[in-house]
Each structure stands twice: as structure tokens, then as C-alpha cells.
Amino acid sequence: MEILNSQTVNLGIIYLESEVLEDQNTSLISLSDDDLLDDGDSGADYISGLFQSSKDSYLKAAAFNFSQAWFKVRGYDSSYGSILINGLEMNKLYDGRPQWSDWGGLNDVFRNQQFANGLAASENTFGALSGTTNFTTRASEYRAGKKVSITSTNKSYTGRVMATYASGLNNKKWAMVVSASRRIADEGYLNGTSYNAYAAFLSAEKKINKHNSLNITAFLSSNRRGKSSPNTQEVYDLKGYKYNAYWGNQEGDKRNSRIKEIVEPVIMLSHYYQKDKTKITTTLGYQLGHIGNSRLGYFNAPNPDPTYWRKLPSSYLRYSDNLDYANAYLAEQTFLNDGQISWNNLYEVNANTGNSSYYLYEDRVDDKQFSFNSNITSTISKNSIFNGGISYKNLKSSNYAKMLDLLGGTSFEDLDQYAEGEEQQNDLNNPNRDIFVSDKFQYNYNIDASVVSAFAQLQVTQRKIDYFIGVTIKNTNYQRNGLYKNGTYADNSLGKSEKQSFTDVSVKGGITYKINGRNLININGGLLSNAPNIRTTFSNARVNNNITPNLTSEKIVSGDVSYIYRAPGIQTRLTAFYTKFSNAVETSFFFAEGLRGDQADFVNEITTGVSKKNIGVELSADYQVTSTIKLIAAGSFGQFTYDNNPNLYIQSESFMEEKSDFGKAYLKDYRISGTPQRAYSLGFEYRDPGFWWFQANANYLTNNYINISPLLRTDNFYKDANGVPFIDNETGVTVTQEQVDGLLKQEKFNDAFLVNLVGGKSWRINHNYIGFFMGINNVLGELFKTGGFEQSRNANYPQLKEDKQLNKPIFGPKYWYGNKTSYYLNVYLRF
């Protein structure tokens, strides 16, 4: 029907009912720490939280269904998405990733958010490759009322209680919001993973006059949890997929040696100005606190790791001419009967030696960060909107090792067990220093960092075409200040490094062509330049001032084209995307043998000039069959590969500057790890007029690959110390390229089929609401790998071939497995 100007149309009687559907929808945001926690080098860098507010079925599937398999939208790392709170970017300068735990347990007060997908326009910032989410905590925008909820789950924690109060804007123009929660687990889903967290939130707003308001926000989420270990398949076969090597019994309690503790309170002061067609928001923020990661250390003593290779049965079956079945059986039985850290043994050893041969310490980061942001949104004409803003960050980061427990010893001498002579000294200015509990030792340095940026954006809406264009300029500065004079790097560890400065300009734009009211074509594109982060700028910041060789900003070319169809009862989107990354840097640390022939050392691997290519298509479709039944389809068909052969450097005590260049790493066409590259979901949703609902989803995830070792794909792998190719022991001739390729074939994980169920019900009692929400993931209990990595210990062809020929390789890949059936039950009362 076409409505003409000045024509009156009778719409009949419109019935209005009290709306309680909001309570059902808010319960949908049920992401646990399993979905959002990031261990950095574990590969567990999900970005599910970025998409939880989207109404797009594909992005919701990525957030709620695919995330349990570590799925990444378009294969992007979480550092490529921007997370803001009141306009302040919360991504860490260390690695570019958001620390979700800083506001974990505060779900109720972090619901108000603005989301821009991918390169789409965002009024708060220039944005990022995979999208931007801005959480707003303005007190007057919260719905007045009280809410209490209790949660039971079998994931990272087992119980949670949460309470929230919002006053609304009162007659004196004040509004206040308070929230608090507690999350606990004596043991989470995996063995030995304790969990202890609490959180608190306060937001207060004063409306000064019609145009101005001030809001102060403060929140703290203290989180202390036990980590879990990746393991070889041999270990999983012996102990099961819930096995965790990081804990052991001590006086009847499960004590985990790898505890991650995060305590980083945040305070923000925001000013809101709005008049006529202009809105200006300005926020000052300050964050302080610490992140600690504990672990066992040892000196001139056997490795306490229960999965250390010499303690496993395979170590006794390593050589075909000397198979020791008797000791292999004894090792197997010992591991089966215990296989955990022997805390009592560590205490006994230290009691006998006096000084601590074993000790517990943490890698500690104490940050203090000041942030500022101010942005403007102004309607400059009938169909044009201007967005602009400036921001500034200043970080003071203190990094050191802290002694936590001497495990019965009297002290520990601060020496490097992998070095000799004077190089053993971690601090030449304080040689042979005795370390006691709470002392700093091993390494100690500060990082000073600052970032200043500005952006401008124009959005234009017309009858047939909408378009936008945005540009940003950013200047980033880093400097290391070493506080110890390291024995190995005596000339390059104490004092300030060269200051590293990067200036980056990025542009993006998009256009939407409206074929008609139901059919649209949307195109977005961007040329982005990202400065390296702190982690990739300093090749080994703990012990020296070295800068990563050939360091430069990462360049990204990205674009997508979407066809969108919208009609009553039908919503669909089909998108094709392309992204090319250039000049990226990857770093890692490990122990390797077979370097330059027969050398072995603990090394820092640096891969520079890395190029990657991510291409694929996405589908999102909803079909409202009836007023109560909806069918949902979502999928992604991607291919994420290395696109060149970058340069590789090795730095260690054995490989100083002149020996560190290992040449090309032949990575081109290997698959990027850390995510299923293809994912599909079919769902059925029922919403009853009586305010109960449920949804069932069947999800199929495939093309997930192991993280390859760049070192194994250099000339070092098949050439000896003299540069001569190795001779194959079986054929007696020079190793061929075909043999090398066969040995280095990238492992592809088995496909995963995961069925998820979710549902809830709410009741209105007088003016109060009570309800529950329950989700069950992986209903069929499928066992599947979520990630893994090749070990680089066997760094040349003869060693790796010998290991792979074993029935159970000693230095085989290490894996993480996803949870079998897990549940999440939340009961709430809103009044």
C-alpha cells in the first residue's frame, strides 16, 4: 500500500500490553570467563564479547554458539576490535587486546552499549578492523529498579551472586547506580582450576542544567583463578582431557602453581554536553593495579613439571635399539597413580639444601594509565552528520619477577641457571643477591608509553545512497628503562632504550545503495596503519633494550561487500570479505635443540614482515515462520593463510646480534591457527506469548589448524652448521623437499558438531518480575580440540623425524580441548 501526502489511513485499534520481554532478552548475555578470558600466548583470544549486542544472527552465533570453539570472526585476533567505556579505549598497549576481566562479573551494568560492525561508521571513534563496542555507564540511562540474581554453572566458576540498584533521575537531578557480584569455584570445569572473584561498580550523575551533566564511574573486578595446561596427546591418553599439570595436593588441598591474578580498578569522570544539534562527550580516566601470573622456578634441580618429558613412558622408548619397557611401564604407572606436582617433595628438597632450589614466583605487571577522550557529534545539515574526537593515553608500566614463596627454603640466590660465569648475574650491580619473599628479582624494568590520536568522520544520508568517510591520525611512543644490569646483556640492559615513535594515518569509507526498501547493497573499505604494540616492539624486554629488527607499522587493506534483504518476517545478509595484513610481527619463547646443527638454548623467536590474507563469505538469515516461531541460519566460509615468507630471528645467550638472522621462514600458504575457518549454524526459536521461550542450535565447525612453528620452516631445519643439507638416515641420500614438506604437513583438527540449547521464563508478580535463563552447551558431549601448537624443541630434520616415528612422540604438539557438556543457570528477581 502506498500512502500519499495528506492522506488519512485508518489503522484500526492498536492494542498495547505491558512489556516484560526485556527481561528475557537481557538474560541472553550469559558469557562466562570461558568465553572472554585471554591468556595471551595460549591462543585463547576470543572476541565474542565484541559482538554480543549485535542483532545480526551471524554475529550472535559467533558470540554465543561458535565461541566455545575459539571462533574468531573473519579470523581476526581480538586486538583488531576496539572496546571502549564512555569513549575511552580499554585495549591494552602491551598487546592491543582488551582485558575483559577488568569488568568481569558486572554484566548488569555493562549492558548499555553502541556497536559498529567491522569498518562501519562509529560516532565514538575511528574504529577498528573487526568492529567497535562502546559501553556507556551514564547513571541516568539505566532503568530504575533493583535486581538480584544467582547463577550456577560448571564452567570456569561454579557459582555467582549479583545485585544491582539504579535510582533513576530524581527530583534533584541526581542518578545513581550500584552493583556488586561474587564468583567462586573450589574447582572449575578442569582439574585444579580454582576461582575467586569479586566485583563492585558505582556510577553517579548530576544533571547540572538542560545542557550539561557530570558523571563519575568507578569499578573494580578482582579476579584470581587457577590456570590449566596444554598437553601432548600422550598425556591426555593417560590422564583424560580434564587433566591439568599445574596443580598438586598439599595438605589435602589442590594447590595450583599457575595462578593468574588481576586487580585493576578504574575511575572515570565524564562531562556530557548537548544543545540543539550538537553533542559533546568528554571523559577522563585513570586505571591502576596489577596483573600477576605465578609459576614454579627451580635452580640446579630436576624440573618439577609432572609432564616433563623424562617422566613420561615415551622417554624410555625413544631409541629403537634400546627400548626400556620395564621403566616405561613404571613411569606409566607412576603417572597414572599421581601425575601431579609433588609439593611435599619440593619442600623436602629445600629443607635439605637450606637455600631454595624450588620456589614460587610471579611475573608481575603494575600499570598506571591516564586516559582522556573528547568527541563531538553534530548534525551539520538535514542529511549530514559530523563526528570527530581526540584522545590521549599515558602508561607507566612496572614489570618484574616477584618472589611469592620460598617453599621452606631460607632464601634464593638471584642467578640465571642457563648461563655461566658473570653472565649468570641477573643484576651485575647486586651480584649473588639473596632473595626473600616479596622481593623483586630476575628482571626489573619500566615501560613508558603514550598515544595521542584524532579522528574525523562525515556521514551522509540520501534517498538512494548513504555514505561515510573517516580518517584518523595517531602517534605512538614507547621507551624501556632497565633497572637491572643483566650479566648476559651488560651493555644493553640497564637504563633507557632508544625511544620508539610511530605516526600512523588510516582512512575508511562505506556506501549503501538502496535498490528499494527491501534490497540494499553495502560496501566498506579501509586502508589501516597500526603501530606495533609493546610486546612486539621490544624483542626481549625482560633482559635487554633490543628493538625488534626492521620494525615498522602493520599495514592492512580490507574491504567487504554485502547484499541485504529486509522484508516482514525475513532478514538476510550475504557478505564477501577480503583482508590483507602486511609487516606484522610475531614473537615467542621456547627451548630448542638442533640450532645451527647441534646447539641448544632457551630462545626468543622473532618473525618480522609477516603477511597474511583472510578471505571468505558470511551468511546471516532469519525467517519468522509465525509470530512465535523463528528459523535461524548463519555461516562463514573462510580461508586464512600466511601470504609470504617472512624473516626470522633467534635471540638468546648463544645467538647474539651477528648470529641471530635465520633467514626466511617458508610460511606462505600455511593456514592461520586459533580459529575454525568455517562455521555453520542452524537454529530454531520459539517465543510463547506467556513469556517463556527456548532456542536450539546445531553448529558445525571445521578447518581448524594447529599453530605452526616458524623455526621449523627455515633453512636451519634441513641444513647442518656448515649449510649442507642433512642426509636422510633411511635413504642415505640428501633430504628432499618432498620429505621436508611431508614431515612439516600442518595438522588439521577433526571437525566439531556442537548442539546448544537455551531457554527461559519470566513471570510478572504485581510490579515485580522473576525469571530464569538456562543454557546447555555441547549437549551431545562432543570431544574436540580448540587449539594447539607445534613444539619447536626438535629444530632440525633428523631430530623431528626420529621423534615423529615414535608411537607417541616425546615432543609432539600440545593441545587444548573444549568442554564437553556444560550448563549455565541464572535465576533473577527484578523489583
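Residues numbered from 1 in each chain as written. Predicted model: local features only at pLDDT ≥ 70, side-chain atom pairs only at ≥ 80, totals over all residues. Heavy atoms only, no water.

(A) Structural context of the confidence of the model for the protein chain. The share of residues in the protein chain with pLDDT of 70 or more is 92%, and the mean pLDDT across the chain is 92. This stretch, residues 15-33, has a pLDDT under 50; its non-local contacts, to residues over four places away or in other chains, come to 50 contacts. (pLDDT = per-residue confidence, 0-100. Contact = heavy atoms within 4.5 Å.)

(B) Examining the pattern of salt bridges more closely. Following the criterion strictly, the structure yields 29 salt bridges and no others. Residues Arg433 and Asp414 are paired through a salt bridge, measuring 3.8 Å at the closest nitrogen-oxygen approach. Here the residue Arg433 occupies a position in the loop between strand E18 (412-413) and strand E19 (434-435), and Asp414 occupies one in the loop between E18 and E19, the gap between them amounting to 19 residues. Using a relative accessible area of 3% as the deciding quantity, one classes Asp414 as buried. Glu730 is paired through a salt bridge with Lys801; the nearest N and O atoms lie 3.5 Å apart. Taken together, the positions of Glu730 in the loop between strand E32 (692-702) and helix H8 (737-743) and Lys801 in helix H9 (residues 797-804) put the pair 71 residues apart, joining distant regions of the chain. (Salt bridge = Lys/Arg side-chain N within 4 Å of Asp/Glu carboxyl O. Helix = DSSP H or I, 4+ residues; strand = E, 2+ residues; numbered from the N terminus. Buried < 20%, exposed > 50% of the residue type's maximum accessible area, 1.4 Å probe, protein only.)

(C) Just the pairing of strand E21 (residues 465-482), in detail. With 17 bridges joining them, strand E20 (residues 440-461) and E21 adopt antiparallel strand pairing. Bridge pairing links Ala456 to Val471 in E21. From the end of E20 to the start of E21, which pair antiparallel, there are three residues. Judged from the 14 bridges that link them, E21 and strand E23 (residues 500-514) form a sheet pairing that is antiparallel. (Pairing = 2+ DSSP bridges.)

(D) Looking closely at the nonpolar core. Grouped together as the largest cluster of nonpolar side chains are 29 residues, with contacts concentrated most on Leu595, Leu711 and Phe717. Taken together, the elements giving at least two residues each to this core come down to strand E26 (570-595), strand E27 (599-624), strand E28 (629-642), strand E29 (647-651), H8 and H9. Examining the composition of this core, we find that five residues originate from one element, E26, more than from any other. Setting aside residues no more than four positions away along its own chain, Leu595 makes contact with Asp601, Val603, Phe655, Phe662, Leu711, Asn716 and Ala795. (Core = buried A, V, L, I, M, F, W, Y, C linked by side-chain atoms within 4.5 Å.)

(E) Structural view of the packing of aromatic side chains. By the definition in use, this model includes 36 aromatic pairs. Ring geometry for Trp103 against Phe135: centres 6.4 Å apart, planes inclined by 55 degrees, an arrangement best described as tilted. Remark: Phe135 occurs in strand E4 (residues 131-135) and Trp103 occurs in the loop between strand E2 (88-89) and strand E3 (113-117); sequence separation between them is 32 residues. For the pair Trp103 and Phe135, one class covers both residues: buried. Arranged with centres 5.8 Å apart and planes meeting at 75 degrees, the rings of Tyr361 and Phe441 form a pair that is edge-to-face. (Phe/Tyr/Trp six-rings, centres within 6.5 Å; stacked < 30°, edge-to-face > 60°.)

(F) Quick peek at the sheet that holds E4. Ordered by their spatial adjacency, four strands build an open sheet running E2-E1-E4-E3, and the pairing between neighbours is mixed. Looking at which strands have only one partner, the edges of the open sheet turn out to be E2 and E3. Bridging between E3 and E4 involves five bridges; their strand directions are antiparallel. By the bridge assignment for E4, Asn117 is matched with Gly131.

(G) Fine view of the side chain of Glu790. For Glu790, the location among the structural elements is in the loop between strand E35 (785-789) and H9. A distance of 2.9 Å separates a polar atom in the side chain of Glu790 from the backbone nitrogen of Ser709. Contacts of Glu790, omitting those with residues within four sequence positions, involve Ile706, Asn707, Ile708, Ser709, Leu712, Arg713 and Pro813. (Polar contact = N/O pair within 3.5 Å; in protein donor to acceptor, adjacent residues only side chain to side chain.)

(H) Quick peek at the sheet that holds strand E10 (residues 231-232). Taken in spatial order, the three strands line up as E10-E36-E35 in an open sheet, and their pairing is antiparallel. A strand with exactly one partner marks an edge of an open sheet, and here the two such strands are E10 and E35. Bridge analysis of E35 against strand E36 (residues 814-817) gives four bridges, and the strand direction is antiparallel. Each bridged residue has a counterpart across the sheet, and for Lys785 the counterpart in E36 is Tyr817.

(I) Geometry of H9. Buried within H9 we find Tyr797, Leu800, Lys801 and Asp803. Buried residues along H9 cover an arc of 165 degrees about the axis, so they all sit on one side. Where the residues of H9 are buried, they touch H8. The backbone nitrogen of Gln799 has a side-chain oxygen 3.1 Å away, supplied by the residue at the start of H9, namely Asn796. (Arc of directions from axis to C-beta.)

(J) Structural context of the environment of Asp448. Within the fold, Asp448 resides in strand E20. Residues Asp448 and Asn477, spaced 29 residues apart in sequence, show a C-alpha to C-alpha distance of 8.0 Å. Those residues in contact with Asp448 that sit more than four places away from it in its chain are Leu395, Lys396, Asn477, Tyr478 and Gln479. A distance of 3.5 Å separates polar atoms of two side chains, one belonging to Asp448 and the other to Lys396.

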